[in-house]
Amino acid sequence: MEQGDAIPAVTVTTPEGGALALGELKGPLVVYFYPKDDTSGCTREAQDFTALAADFRAAGVRVIGISKDSPAKHQKFAAKYDLTVELASDEDGTACEAFGVWSEKKLYGKTYMGIERATFLFDGEGRLATSWRKVKVPGHAQAVLEAARAL
């Protein structure tokens, strides 16, 4: 994804099992990808976006967090941590591929394929305004909010 690119025309699944066509959404929009529900970094990121949900709404910005976890797992994750951030499932990896976040990762000397933690901010025209790759969680949601307010 490069600055100015349109929101990819891919469909993800809501926790209730509905289809969400990302390419049909109007901005401003934040789409963030994270590796896995109920892990420390991913939980913290979802909690941070939840804590700022009212600020994003006040700025007119929708926030969607996407992983390859199932809709049922998203429901349990949201309930366990009282998350209000919108979550979506990309079980087949179509969205991960379209956004370029399915990549080779290394952990403890092992190489494997996984989701790169990344965030994409789309403007009111549905064009990529800013992206963050290889995200570090502390302070990230606040930085995204500030960028969204500057649109």
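Residue positions are given per chain, counting from 1 as you read along its sequence in written order. Local features in this predicted model are restricted to residues of pLDDT 70 or higher, and side-chain atom pairs are both shown and tallied only at a pLDDT of 80 or more, whereas totals for entire chains, interfaces and linings draw on every residue. Think of the side-chain values as coming from all heavy atoms in the structure, minus any hydrogens and water.

**Q** Explanation requested: the overall build of the chain in the structure shown.
**A** For the chain, the count of helices and strands is 5 helices and 9 strands. Listing each helix as α and each strand as β along the chain from the N terminus yields β-β-β-α-α-β-α-β-α-β-β-β-β-α. Expected size for 151 residues packed as a compact globule is a radius of gyration near 15 Å; at 14 Å, the chain falls within 12% of this value. Dimensions along the principal axes, computed over C-alpha positions, put the chain at roughly 40 × 30 × 30 Å. For the chain, restricting intrachain contacts to residue pairs at least 6 apart in sequence, the fraction spanning at least 24 positions comes to 61%. Accessible area of the chain: about 7,600 Å², with a carbon and sulfur share of 49%. For the chain, the distance from the average site of its 18 positive side-chain charges to the average site of its 21 negative ones is 6 Å. Comment: elements are numbered from the N terminus, with helices defined as DSSP H or I runs of at least four residues and strands as E runs of at least two. A radius of gyration in this sense is built from C-alpha atoms; the matching globule rule multiplies 2.2 Å by the number of residues raised to 0.38. Throughout, a residue-residue contact means that at least one pair of heavy atoms, one from each residue, lies within 4.5 Å. The accessible surface values rely on the Shrake-Rupley method and a 1.4 Å probe; as for residues, cover is taken only from the protein chains in view. Two residue types count as positive, namely Lys and Arg, and two as negative, namely Asp and Glu; His and chain ends fall outside the count. Charge placement uses NZ in Lys and CZ in Arg. For Asp and Glu, CG and CD serve respectively.

**Q** Looking at this model, I keep getting lost on the packing of aromatic side chains. Mind explaining?
**A** Two aromatic rings, taken as a pair, are described by how far apart their centres are and by the angle between their planes. Each Phe, Tyr or Trp ring, with Trp reduced to its six-membered ring, pairs with another whose centre is within 6.5 Å; inter-plane angles below 30 degrees give stacked pairs, above 60 give edge-to-face pairs, and intermediate values give tilted ones. For the structure on display, the rule yields 9 aromatic pairs. Summarising the aromatic geometry, the rings of Tyr34 and Phe77 are spaced 6.4 Å apart at their centres and angled 35° between planes, so their arrangement reads as tilted. You can see Tyr34 sitting in the loop between strand 3 (29–33) and helix 1 (40–51) and its partner Phe77 sitting in helix 3 (residues 71–81), a full 43 residues away along the chain. On the basis of relative accessible area, Tyr34 is assigned to the buried category, the value being 1%. Centroid distance Phe99 to Phe122: 6.2 Å. Interplanar angle 85°. Geometry classified as edge-to-face. With a gap of 23 residues between them, Phe99 in helix 4 (residues 94–99) and Phe122 in strand 8 (residues 118–122) connect regions that are remote in the sequence. Here Phe99 and Phe122 have matching classes, each one buried. One aromatic cluster is present, formed by Tyr32, Tyr34, Phe49, Phe56, Phe77 and Tyr81 through successive ring pairs. Three exposure classes are used, based on accessible area relative to the maximum for each residue type with a 1.4 Å probe and protein chains only: buried under 20%, partly exposed in between, and exposed over 50%.

**Q** Would you mind showing me how to read helix 1 here?
**A** Spacing of three or four residues puts side chains on the same side of an α-helix, whose turn is 3.6 residues. If you check helix 1, its first and last C-alpha atoms are 16 Å apart, about what 12 residues at 1.5 Å a residue would give, namely 16 Å. Of all the residues in helix 1, the buried ones are Cys42, Thr43, Glu45, Ala46, Asp48, Phe49 and Thr50. Among the structural elements, strand 3, helix 2 (53–58), strand 4 (62–67), helix 3, strand 8 and helix 5 (140–149) are those in contact with the buried residues of helix 1. To estimate how far a helix should extend, the number of its residues minus one is multiplied by 1.5 Å.

**Q** I'm lost on the nonpolar core in this one. Help?
**A** A general feature of soluble globular proteins is that nonpolar side chains tend to end up buried together. Membership of the largest hydrophobic core comes to 22 residues, with the highest contact counts inside it found for Val30, Tyr32, Phe49, Phe56, Val63, Val85 and Leu87. Of all the elements in the fold, those that place two or more residues in this core are strand 3, helix 1, helix 3 and helix 5. Here this core gets 4 residues from one element, more than from any other, and that element is helix 5. Each residue touching Phe56, except ones within four places of it in the same chain, is listed here: Val30, Phe49, Val61, Val63, Ala141, Val144, Leu145 and Ala148. Remark: nonpolar core denotes a set of buried residues (Ala, Val, Leu, Ile, Met, Phe, Trp, Tyr, Cys) joined through side-chain atoms within 4.5 Å. Counting residues in each nonpolar core, the second largest holds 21 residues, with Leu20, Cys96, Val101 and Leu128 among its members.

**Q** How should the pairing of strand 7 (residues 110–115) be read in this particular structure?
**A** Every other side chain in a regular strand lies on the same face of the sheet, so the side chains alternate between the two faces. Here, strands pair whenever DSSP counts at least two bridges between them. As paired strands, strand 6 (residues 102–107) and strand 7 are joined by 6 bridges and run antiparallel to one another. Residue pairing in the sheet places Leu107 in a bridge with Lys110 of strand 7. Following strand 6, the chain reverses through 2 residues before pairing antiparallel with strand 7; Tyr108 in that reversal takes a positive phi of roughly 50°.

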